[in-house]
Amino acid sequence: MKNITIGITAHVDSGKTTLAEAVLYKTGVIRKLGRVDNGNSALDTNSIERERGITIFSSQAEFKVDDVRFTLLDTPGHVDFSSETERTMCVLDYAILVISGTDGVQSHTHTLWKLLQKYEVPVFIFVNKMDLIGADKSVLIEKLQSKLSNNCIDFSRTANDIVESSASCSESLMEKYLSDEAVRSEDIANAIRNREIFPCFFGSALKTDGIDEFISVLYEYTVEPKRGENFGAKVFKISYDAKGTRLTHLKIMGGQLNMRDEISYNASDGEKKSEKISSIRFYTGDKFRNAETAFAGEVCAVTGLTSTFAGQGIGSIKNSERAYIEPVMTYRVIIPDEKNVYDVLKDMRRLEDEDPQLHIVWNEQNREVHIQLMGSIQLEVLTREISEKFGYHVDFCDGAVAYKETIRFPVEGVGHYEPLRHYAEAHILLEPLSTGSGLVYDTSCSEDKLDRNWQRLILTHLSEKTHIGVLTGSPITDMKLTLVAGRAHLKHTEGGDFRQATYRAVRQGLRNTESVLLEPYYEYELEIPVENVGRALADLQYMSAEFDSPETVGEMSVIKGTAPVSELNNYQKDVIAYTRGRGRISLNMCGYRECHNAEKVIAEIGYDCDGDIENSADSIFCSHGAGYNVKWNEVYEHMHLPIATENNECEDTDEQKSLKASKYIEKVVSDEELMAIFEMTYGKINREPNRAFKKTKAVNIEDKNIRLPKYEGPDYLLVDGYNIIFSWDDLKKIAEENLDAARGELINRMCNYQGYAGCELILVFDAYKVKGKHREVEKYCNINLVYTKESETADTYIERVTHTLSKNHRVRVATSDGVEQIIILGNGAMRISASEFRKRWLAAENAIKEYISSMK
């Protein structure tokens, strides 16, 4: 059986959902026709949708015609919910574009047409409401051809007329037509598939006029695309059912998906996930059927995946590109006094999970939640949705345009992070790109200079954060960020060091070049009586709008152009007032442009970029064993690497290498702790300090009589419990809510790790602040648990135990406590940082899982 996914889209109030209802009724899926205005349509299942009479969330239904199974996806028509429509388009085989017979091609119709072009979706056009007065087929066809495409063809005519018109739109069909070769239905279907022809149909969905013919044409002229053999799927929606179960809506692009299949994918933060499919559902409205398998071409919802996101590619499918439609307004959420701000933030993140274009911004400094969205209708719906889903009411204030920032000239930003026993330096080249390009990340740094893993980490840090500009604190865009140079320390560099260096490099670059404030623009179509044209043009000029010459049609004039969102947002009320209800304006997002009143906006927002400590442009350097702050405008004088864009990353001369080495030795000699670490790493410095930096030939232990330490009995691993809990992000997150739960989770993990590693494992927890507490040592499964006594820290206990055990045993200590590390090394034990220990634990976990899988 063929599987065809077909989406239905339209400008609001064109009768889109009514057409979907008619198709389902005619194919026997529903027994009774519902109506949008009665609130009983099959696809508008949400209570808010039924109340308002508009589609807000995309919904799914299935119908069959002979040997073809159609999956119908109904999408929102209102401009405020366009992002939901765009996400659905990436999984469509075909689309039905519904046009109102009385209104024709409207402003949002143009947006939808551009989206269909972007995603290369073949289109069938259904002109609805032909039963109403004023609907003229010949006029409508002319408008479709002039405003959308010359290849819009009336398929309600005779077969010969259809063939002749189709041949004029396709070279391959024209060749057959002129050579008197028969033009078959398959040939026309292929031309439609290649977007060479756009069939047009006319009817009334409410009265089901023309619906049977339309369904027949869909059956005859649709071709199932070639599916891949390897498994691949595209996620287009995230939702939650009535029980709170997370649903991942996806289309199988190749292969098949079975119940209990284990799916590997990368979450939005880059973390690798491997999870099992617990159920597969096929929806029609709010009802669904369960299945064991989903085959290529089918659209389903699955449970069991916890970190998927809309636009994500799984398996052989790549992630979708940046969305065309973006939110243009930002609001501050007013939280009820009785609600915890972090609980509200968690709820907002769930809504963002369902709708990625609903941008949630957390202001840590002011402990405020800000939200970015498309418009007032979406705001009203969101308020109601929060009330129904979470049981409390929120308000919104400070509605303002969502600005962005870019740069006018390229610049190389430098970030250096070197508090004691940490080290990272990153050089990021920031280059302006054309409008609408977004952010692009790249590296041109040689792997001889900086290891590939560090480079990948820096690129991850560049993409993981919403970097903000220095003018208004708005997100940056339309730039290419290229890693051009970087340096790590063999011993002291950890992943978090490059995060700090990378963030500071971007920020320092922004401070050293000219920034440009961008604002969103609307494409508008203003329809007003002829006598009001003068007033309209005066208003548009005052609002810094651009416009074409007015077009007069009868008693009405149409003015088209572009204008800033900040100026046009509330203009609809003015239009209704001065035209006495006869005028209307249609708005459509058309991207970002340079702000028309940047100085005024910057002054009103009053952002202090140097006072934003969460986004510092300064760097941290080290001297005499202590870190110190260097202002952003002095970083170039202190940096350890030369400017890559000027020096083209030239090799240091021997003299330069010697000079840098001597400076480092001077720094080491002046710091006792650093000297101890240095000598443990490189050996004791005797006569020639620079000899410590010379490479020596590697020695093969099997060939030489090397004396290795003789250890008796088992190896020991001591774990600083609370240090590990607050160093591992997932345990830290648990600890913020329940410290006992985090401690229990770590204990269980250590039991598994000990079983795999085979060492004696001692897990130590502080109890020094607990009055009257005696040290407790207990055997828990296969590990030893130690709770220190009053006035005894875990550090103190570990210091004493390592000193005793290291005489006869190989001892390792897992901690990231700086002072503790020095003591550990002094006692002859070996130190494992928290991040390195996590890698070892994960490796053990994966090995155990792989072994279990091999037994099945």
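Heads up: the structure comes first, above all this text.
Residues numbered from 1 in each chain as written. Predicted model: local features only at pLDDT ≥ 70, side-chain atom pairs only at ≥ 80, totals over all residues. Heavy atoms only, no water.

Could you clarify how one ought to interpret the overall build of the chain in this entry?
Helix and strand content of the chain: 27 helices and 39 strands. Counting every position in the chain, which comprises 856 residues, the buried fraction comes to 49%. Relative to all contacts within the chain whose residues are 6 or more apart in sequence, the contacts with residues 24 or more apart total 69%. Here the chain has roughly 42,100 Å² of accessible surface; of this, 46% comes from carbon and sulfur atoms. (Helix = DSSP H or I, 4+ residues; strand = E, 2+ residues; numbered from the N terminus. Buried < 20%, exposed > 50% of the residue type's maximum accessible area, 1.4 Å probe, protein only. Contact = heavy atoms within 4.5 Å. Areas by Shrake-Rupley, 256 points an atom, 1.4 Å probe, with all protein chains shown as cover.)

Even after reading the chapter, I still don't get empty space enclosed by the protein, so can you show me in this structure?
To locate leftover empty space, one rolls a probe as large as a water molecule over the atoms. Enumeration according to the criterion identifies two cavities of 30 Å³ or more in this entry. In terms of lining residues, the second largest cavity is bounded by I6, I8, A20, V23, F63, L72, I96 and L218. Every element with two or more residues in the lining of the second largest cavity is listed here: β1 (2-10) and α1 (16-26). Here the lining of the second largest cavity is composed, by residue class, of eight nonpolar, no polar and no charged. (1 Å grid on protein atoms, 1.4 Å probe; cavity = no way out; pocket = protein on both sides within 12 Å on 5 of 7 lines; lining within 4 Å. Points joined across faces, edges and corners; volume = space filled by probe spheres on them. Nonpolar A, V, L, I, M, F, W, Y, C, P; charged D, E, K, R; others polar.)

So what exactly am I meant to see when it comes to the packing of helix α3 (residues 82-89) against helix α4 (residues 107-118) here?
A packed helix pair is summarised by two numbers, namely the angle formed by the two axes and the spacing between the axes. It is at 10 Å that the axes of α3 and α4 come closest, and there the two elements cross at 25 degrees. The orientation of α3 with respect to α4, classified from their angle, is roughly parallel. The two elements α3 and α4 meet at a crossing, and its hand is right-handed. Residues S82, T85, E86 and M89 of α3 form the contact with α4, whose own contacting residues are H108, L112, L115, L116 and K118. A class-by-class count of the residues in the contact of α3 with α4 yields four nonpolar, three polar and two charged. (Axes fitted to C-alpha atoms, helices over the stretch in contact; angles between N-to-C directions. Parallel < 35°, antiparallel > 145°, perpendicular 65-115°, else oblique. Left-handed = near helix turned anticlockwise from the far one by under 90°.)

Sorry, what's going on with unusual backbone geometry here?
Glycine aside, a negative phi is what most residues show, and trans is what most peptide bonds show. In this structure, E120 takes a positive phi of about 55 degrees despite not being glycine. Its relative accessible area of 62% is what places E120 among the exposed residues. For R195, which is not glycine, the phi torsion reads 60 degrees and is therefore positive. Position of R195 relative to the elements: it lies in the loop between α8 (185-193) and β7 (198-202).

I tried to follow the pattern of salt bridges on my own but got confused; where do I start?
In a structure, side chains of opposite charge can pair up when their charged atoms sit close to one another. Counted by the stated rule, this structure contains 36 salt bridges. In this structure, K114 engages E523 in a salt bridge whose closest nitrogen and oxygen atoms are separated by 3.9 Å. One end of the pair, K114, is in helix α4; the other, E523, is in strand β27 (residues 515-529), and 409 residues separate them in sequence. Note on E523: relative accessible area 30%, which makes it partly exposed. Among the ionic contacts, a cluster of salt bridges with common partners joins D93, E224, R227 and K251. (Salt bridge = Lys/Arg side-chain N within 4 Å of Asp/Glu carboxyl O.)

For this particular structure, what's the right way to read the nonpolar core?
Where a protein is soluble and globular, its nonpolar side chains tend to be buried together. In terms of nonpolar packing, the biggest core is built from 49 residues, with I386, F396, Y524, L526 and Y571 touching the most fellow members. The element best represented in this core is β27, accounting for seven residues. Y571 has contacts with L526, A536, D539, M543, Y578 and I585, leaving out every residue within four places of it along the chain. (Core = buried A, V, L, I, M, F, W, Y, C linked by side-chain atoms within 4.5 Å.)

Just checking my understanding: could you explain the sheet that holds strand β2 (residues 59-65) for this structure?
In sheet architecture, strand pairing relies on hydrogen bonds along the backbone and comes in two forms, parallel and antiparallel. Strands sit in the order β2-β3-β1-β4-β5-β7-β6 across an open sheet of seven strands; the sheet is mixed. Looking at the sheet topology across the chains shown, the edges are occupied by β2 and β6 (152-154). Taking each pair of neighbouring strands and ignoring which way they run, the sheet shows an average axis angle of 25 degrees. Bridge analysis of strand β4 (residues 94-100) against strand β5 (residues 123-128) gives six bridges, and the strand direction is parallel. Across the sheet, I96 pairs through a bridge with F124, a residue of β5. (Pairing = 2+ DSSP bridges.)

Even after reading the chapter, I still don't get the sheet that holds strand β38 (residues 811-814), so can you show me in this structure?
Taken in spatial order, the six strands of this open sheet run β36-β37-β35-β34-β38-β39, and their pairing is mixed. Both outer strands of the open sheet, β36 (776-780) and β39 (830-832), are each paired with one neighbouring strand and no more. Here the strands of the sheet are splayed against their neighbours by 20 degrees on average, with no regard to which way each runs. Pairing between strand β34 (residues 716-720) and β38: four bridges, direction parallel. Residue pairing for β38: L718 is matched across the bridge by V813. On top of the sheet, helix α24 (residues 739-757) reaches β34, β35 (760-765), β36 and β37 (783-787); it is set at about 170 degrees to β35, its chief contact. Lying over the sheet, helix α25 (residues 794-805) contacts β34, β35, β37 and β38, oriented at roughly 170 degrees with respect to β34.

Would you take a moment to explain the environment of A644 for this structure?
Structurally, A644 is set in helix α19 (residues 644-647). Relative accessible area serves as the criterion here: at 9%, A644 is assigned to the buried category. A C-alpha to C-alpha distance of 9.4 Å links A644 and I428, two positions 216 residues apart in sequence.

Any chance you could explain helix α9 (residues 211-221) here in plain terms?
Three or four residues apart is the spacing at which side chains of an α-helix point the same way, because the helix has 3.6 residues per turn. Along α9, the positions that sit buried rather than exposed are I211, F214, I215, V217, L218 and Y221. Viewed along the axis of α9, the buried residues span an arc of 160 degrees, placing them on a single side of the element. (Arc of directions from axis to C-beta.)

Help me understand the packing of aromatic side chains in this model?
How two aromatic rings sit relative to each other is set out by the distance from centre to centre and by the angle between their planes. According to the stated counting rule, one finds 18 aromatic pairs in the structure shown. Between W113 and F198 the ring centres are 5.0 Å apart and the planes differ by 65 degrees, which places this aromatic pair in the edge-to-face class. One end of the pair, W113, is in helix α4; the other, F198, is in strand β7, and 85 residues separate them in sequence. Look at Y722 and F765: their rings are 5.1 Å apart centre to centre, the planes differ by 65 degrees, and that puts the pair in the edge-to-face class. (Phe/Tyr/Trp six-rings, centres within 6.5 Å; stacked < 30°, edge-to-face > 60°.)

So what exactly am I meant to see when it comes to the pairing of strand β20 (residues 368-373) here?
Regular strands place their side chains on alternate faces of the sheet. Among the six residues in β20, five count as buried, and that is most of the element. As paired elements, strand β18 (residues 329-334) and β20 share four bridges and run antiparallel to each other. Pairing of T330 across the sheet is with Q372, part of β20.

Looking at this structure, how should I read the side chain of T513?
With respect to the secondary-structure elements, T513 resides in the loop between α13 (495-511) and β27. Judged by relative accessible area, T513 falls into the buried class, the value being 17%. In this structure the side chain of T513 is engaged in a polar contact, spanning 3.0 Å, whose partner is the backbone oxygen of F409. (Polar contact = N/O pair within 3.5 Å; in protein donor to acceptor, adjacent residues only side chain to side chain.)

What am I meant to see in the side chain of T406 here?
One can find T406 in strand β22 (residues 404-407). Here the side chain of T406 touches D478 through a polar contact of 3.2 Å, landing on its backbone oxygen. If we ignore the near neighbours within four places in the chain, the residues touching T406 are T477, D478, M479, E514, S515, V516 and L518.

Sorry, what's going on with the environment of V223 here?
Residue placement: V223 occurs in the loop between α9 and β8 (232-240). In this structure V223 comes out as partly exposed when scored by relative accessible area, which is 27%. Here the alpha-carbon distance between V223 and Y94, two residues 129 residues apart in the chain, equals 9.3 Å. Not counting residues within four places of it along the chain, the set of residues in contact with V223 comprises I4, Y94, A189, N190 and R193.

What is the right way to look at the pairing of β1 in this model?
Among the nine residues in β1, eight count as buried, and that is most of the element. Examined bridge by bridge, β1 and strand β3 (residues 68-74) share seven bridges and lie parallel to one another. From the neighbouring strand, I6 faces β3, where its bridge partner is L72. Where β1 and β4 come together, five bridges link them in parallel fashion. Paired with I8 across the two strands is I96, which belongs to β4.

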